[in-house]
Structure formats: structure tokens, C-alpha cells
Amino acid sequence: MTNTLIHTDSRRSGERGFDPMSVRNDFPALAVLVKGKPLVYLDNAATTHKPDSVIDAITRFYSTENSNIHRGVHHLSELATEAYEASRRKVQRFVNAKYPQEIVFVRGTTEGINLVAQTFGRVGLKEGDEVVISMMEHHSNIVPWQMICDQTGAVLRVVPMDGRGELIQEEYLKLLGKRTKIVALTHVSNALGTVNPIREMICQAHELGISVLIDGAQAVAHGHVDVQALDCDFYAFSSHKMFGPTGIGVLYGKRELLESMPPYQGGGDMIKSVTFSKTVYNDPPHKFEAGTPHIAGASGLGAAIDYLGGLKMEAIAVHENQMLRDLTSNLLDLHGVSIVGTAKEKSGVVSFTIEGIHPHDVGTILNEEGIAVRTGHHCAQPVMDFYGVPATVRASIAFYNTKVDIEALITGIKTVQKVFH
Amino acid sequence: MSDLRSLYQEIILDHNKNPRNFGLMGDANRVIEGYNPLCGDRYTIYLKLHEDIIEDIRFSGAGCAISKASASVMTTVLKGKSIKDAEALFERFHTLVTKESKGFEDAESLGKLAAFAGVSEFPARVKCAILAWHSMKGALRSNTKSVSTE
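Residues numbered from 1 in each chain as written. Chains lettered and ligands numbered in written order. Predicted model: local features only at pLDDT ≥ 70, side-chain atom pairs only at ≥ 80, totals over all residues.

1. Some remarks on the overall build of chain B
Moving on, step 1. Of regular secondary structure, chain B possesses five helices and four strands.
Moving on, step 2. When the helices and strands of chain B are read in sequence order from the N terminus, they spell out α-α-β-β-β-α-α-α-β.
Moving on, step 3. Counting across all 150 residues of chain B, residues that qualify as buried make up 41%.
Moving on, step 4. Relative to all contacts within chain B whose residues are 6 or more apart in sequence, the contacts with residues 24 or more apart total 60%. (Helix = DSSP H or I, 4+ residues; strand = E, 2+ residues; numbered from the N terminus. Buried ≥ 20, exposed ≤ 12 C-beta atoms within 10 Å, placed from the backbone. Contact = placed C-beta atoms within 7 Å.)

Written out as C-alpha cells, the structure is:
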């Protein structure tokens, strides 16, 4: 289940930096052949692959611990409950939350944001109040706020960005005011790769007493997230974008906020007692976890956190930054390629267009070469509108990507250009 | 490359680069927009119908090579056709580009449209090929304003 000591040691003794080849064998899906060619997986912003230890944890749960949680007094139920709550404590340590009660298991980032909009937003917003989001948000950090604004009469305000894909901080400050009740921002843009200065932005909102939710979907796989250092009020992320299973994610919320919020969904596990005249809700986090959760998924997420814990994150960051620089400069060397999103601080996402060739055609031809990239609007249509493009090609990296992957992409793009010559 | 060449045939690349009947039509009596939200392909199809004959057909908009070439080739084959013939061609084209068509459709008799037979090997691209045709079909029935592939 866990990596051998030798294996772990070789990764930790990283004086020469991080070698992606030392981890590739941990990810069985990386060995898939596409059209007879080795997979070149550059769609990590959509979802990451899973190491054996995560897959094993899920199998192990169903094989040896399978039961419902927080209910039975029998042996398996105790095992399942302990496994589920152990994963919660792993997540707590992973994001450095103060209390395990601040970790709510949800289906993913999207559900985490909807939960906050429909509980915190529903009681906290009234007509004329304002919710501030940014122009580079994923649809999942736009639509839930539009829905709650429609329901409450609150108004959605949008922080603009500049041509490089950086939020305009002066405009952000101007938008914050007495009517602002919630700020919801992405940590890292999924379409542009921009890393936003959220620590400063959170601080500025807090000076005016405004609560802040951070969409961390694209951030958690790439570096250390410390919710106490950020001082964010809510932080939502998905397991499947950080090498864990799909169908489970996390909403971190400050304890006093979670305690003050009404429940999200009603059902089992979220109550203390139920009569037809009155129901007493459970305490957080259980208040927000109605119904049987994705117990096996929680074990898988816990295994993903353990896996990341065995890697040297600083060395990985150096490796990923090098990959990002190589990818960017190699793309710019190609005739007719333009990069969309050139912020100073970027994470492992490069969006680009090729002159005269639609991204969809690029994606199809790259796929023939075994190369997986995302093409489309990346669930960020306002970003596409801003740059006046219908879509982009997006290559996104994880620590298991190598120079060979980047070379394959560059060669693939040359093939695309040959087809369309 | 062989699969790719079956998809991106010369005729498709040519119509993508130099689309025929491309641009607005001032005296159209049927106008309809077609949109594929998945990839952002967006076209407007203009028809000039005289009784049941397509006297003129043009299109405008932008999208991938498959969708644009398909719209372009479609306009060239439909000009002068009757509504009934156009609808019959829609059915045959639809069969041609969907997987189920393999071996059933006599591609040769479809002329230029046969170039799109390769699309059936690329399920993700069927919607691209069919978008303009869906729009055209919608335009033949006057009361629709826009169609979507979703």
C-alpha cells in the first residue's frame, strides 16, 4: 500500500531535484496506449491520474471495511467510520485547518461552492447586497452566485482583468464596499493558469468585514495550501484534481461560520433528533453531510494525501515551474502560436491558439498522436469572450510529466500545422 | 496519419480555407443560427426559398474545419434543390457521418458529401459535421430561430 522506504528515500534525497521518472510507474493509467502510441497526458487541469496507492485504498475499503458510517455498532461500521474520520483529519492537516470539524466532505469543488451560496449566501444576502467574483472564474464559481443573487435580489459584481490575465487590483478595491457581503475568487485560473494574489485580496476584504470563499480546484495539486495563513473563510477543492478519486471533494469553512450556517440538504446523519414537530440539526461538519457519503472516496482521498506527503513538494514545484517555462518557450518558438494568459505568476496551465486552425481540429489531430489536451472554452466562457476567441487548446501539467511529453506536444503541433498547410 | 487523412481530406481543407457561399444574404427569407456550445461553433444559415425550391443558400460564422467545410459543401449541393430533396439529403448525410452508417450508406452516390465519411471514425466530431445541416433543416421549417447541438 505504501511506498517502500528505498523508493521514498530516493525521492526525498532530492539534491538533484525531482525526477518524474521515479513516480511514473506509480500511475497505471500513464502506461495506456492511445492508437498504439504512448499516452502523453497533458490534461491534468481536467483531472489527474491516480497512483496505485489510491486505487488500492478504494479496493481495500470495499474488500475489508465496507459498511455505512456513524450508525452501526458492529465491527465493519466501526472500521468504516474510523477510516472516514481519519481521512478528514488527513485533509485537516493537508490544508492546515485548525479543527477537523472545519472539513466538510462534498462531491467536489462545485458542490462546495453551491453549499456556501445556498446556506451562508441564503441567510446573509438581501436585496441590494453585492457578491464580488472575478472575470476569470470557472462557471462553477459564477453560476451558484447568479442563482443565489436571483433568489435574494443581491447583485453580482465582477473584478476585471488585464490583457495578461491578471486581476486589476485597483478595480477590485473599488468594488469592495458596504454592500459587499461575499467575495468568491479562484486561487488559480483553470483557463489561464494565473495564480491570484489571494492572500492580499482576502486581507483587503476582511478589513471591510467581508467573507471570502476561495476556489482551490486548480491549486491543491501544485503546492502547499495553508488555510490559516491565507485566513480565507471558505476553501473548496476536488479530490480528483489532486490524484484522488472523483466524486469527493472538500469544503473548508471556519468553525464559527459553519456553526452559524443553516444546513444544506436534509436527511440522515445531519440531525441529532427528528420528530414531526421539530428536528435538531447535527454539529458541523455532519450538519452538511446529509445521506451516506462517498466513504470509499474519502479513503482514496486520504491515500492521495499520503502519497503527496511522501514527495518533496518544494522539488516538485521547481520541476513544474521548469516544465511550465519549457512548454511556454517551446510553444512561442512555433510559428503562428499565441499564448492566452501571460500572467507573471502562473501555475501549470498553458492555453494557446494556433493561427488559422480551430482548437477542436488541433485536439483531434493531437489525439491521433496519443496526446491528450483539452480544447474548448474550459467552462470559462467569459474568459474566452474577453480574449475574443471561441476556444483555446490547453496543456496542463502535473509532476509526472516529463520533457518527453513537452517534446511530443511540440512535434504534434507541427503535425497539425502540416495537415492544415 | 491515415485516419487523419480520411478525416481531413483535401476537399474539407479546401472548403475550410475558401468557404463557398460565405457571407451575409440581404434578401434571405429564412435565417437561422446554429450553435454548438461544446466547442463554440456558431453559424448562421441564410435561405432564399421560392415556393418549395432553395433558390439561394449562404452561411456566415466561425468554427472548426469540419463544421465550416460541412456548411460550405452543404450550400454547394443544396442550391436549386427542393425542400423534399434537401430533407432527404439531410437524412443520408446524417447516416453517413454517424457510426451506424458503416457499410450501409453508398457514399459514392453522395458525391462531394462522401468526403465526410471519415467523420464516422471520430465520434467526438459528428456534431461538428452535422451542425450546419441541422440548422438548414430548422430553417426549412420557418418558425425556428436557432438550433443547438446540445
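2. Quick word on the interface of chain B and chain A
Moving on, step 1. Between chain B and chain A, the contact holds 14 residues from the first and twelve residues from the second.
Moving on, step 2. Here the residues of the side of chain B that touches chain A sort into ten nonpolar, two polar and two charged. (Nonpolar A, V, L, I, M, F, W, Y, C, P; charged D, E, K, R; others polar.)

3. A closer look at the sheet that holds strand β16 (residues 374-376) of chain A
Residue and element names in this part refer to chain A.
Moving on, step 1. Taken in spatial order, the four strands make up an open sheet running β13-β14-β17-β16, and their pairing is antiparallel. The open sheet terminates on both sides in strands that have one partner only, identified here as β13 (337-340) and β16. Put simply, the sheet's adjacent strands are angled 30° from each other on average, direction ignored.
Moving on, step 2. Taken together, the three bridges between β16 and strand β17 (residues 392-396) define a ladder with antiparallel strand orientation. Counterpart to Thr375 in the pairing with β17 is Val393. (Pairing = 2+ DSSP bridges. Axes fitted to C-alpha atoms, helices over the stretch in contact; angles between N-to-C directions.)

4. Here we look at the domain arrangement of chain A
All names here are of chain A.
Moving on, step 1. What the domain assignment lists for chain A is domain 1 (5-50 + 313-419) and domain 2 (56-309).
Moving on, step 2. A separation of 27 Å is found between the C-alpha centroids of domain 1 and domain 2.
Moving on, step 3. Opposite the 25 residues of domain 1 that make contact, domain 2 presents 27 residues. (Domains from an automatic or database assignment.)

5. Brief notes about the confidence of the model for chain B
Residues and elements named next belong to chain B.
Moving on, step 1. Chain-level pLDDT for chain B is 88 on average; 86% of the residues reach the 70-or-more range.
Moving on, step 2. The secondary structure element of chain B with the lowest average pLDDT is strand β4 (residues 146-148), at 64, and the one with the highest is helix α3 (residues 65-78), at 97.
Moving on, step 3. The ipTM assigned to the predicted complex is 0.88, against a pTM of 0.92. (pLDDT = per-residue confidence, 0-100.)

6. Remarks on the sheet that holds strand β6 (residues 155-159) of chain A
All names here are of chain A.
Moving on, step 1. If you trace the seven strands from one edge of the open sheet to the other, you get β4-β10-β9-β8-β7-β5-β6, paired in mixed fashion. Of all the strands in the sheet, just β4 (103-106) and β6 have a single pairing partner and so form its edges. When strand polarity is set aside, the average angle formed by the axes of neighbouring strands in this sheet is 20°.
Moving on, step 2. Note: strand β7 (residues 180-186) against strand β8 (residues 211-215), five bridges, orientation parallel. Bridge pairing in β8 links Val183 to Val212.
Moving on, step 3. The strands that helix α5 (residues 109-124) touches are β4, β7, β8, β9 (234-238) and β10 (249-253); relative to β10, the one it contacts most, it runs at about 35°.

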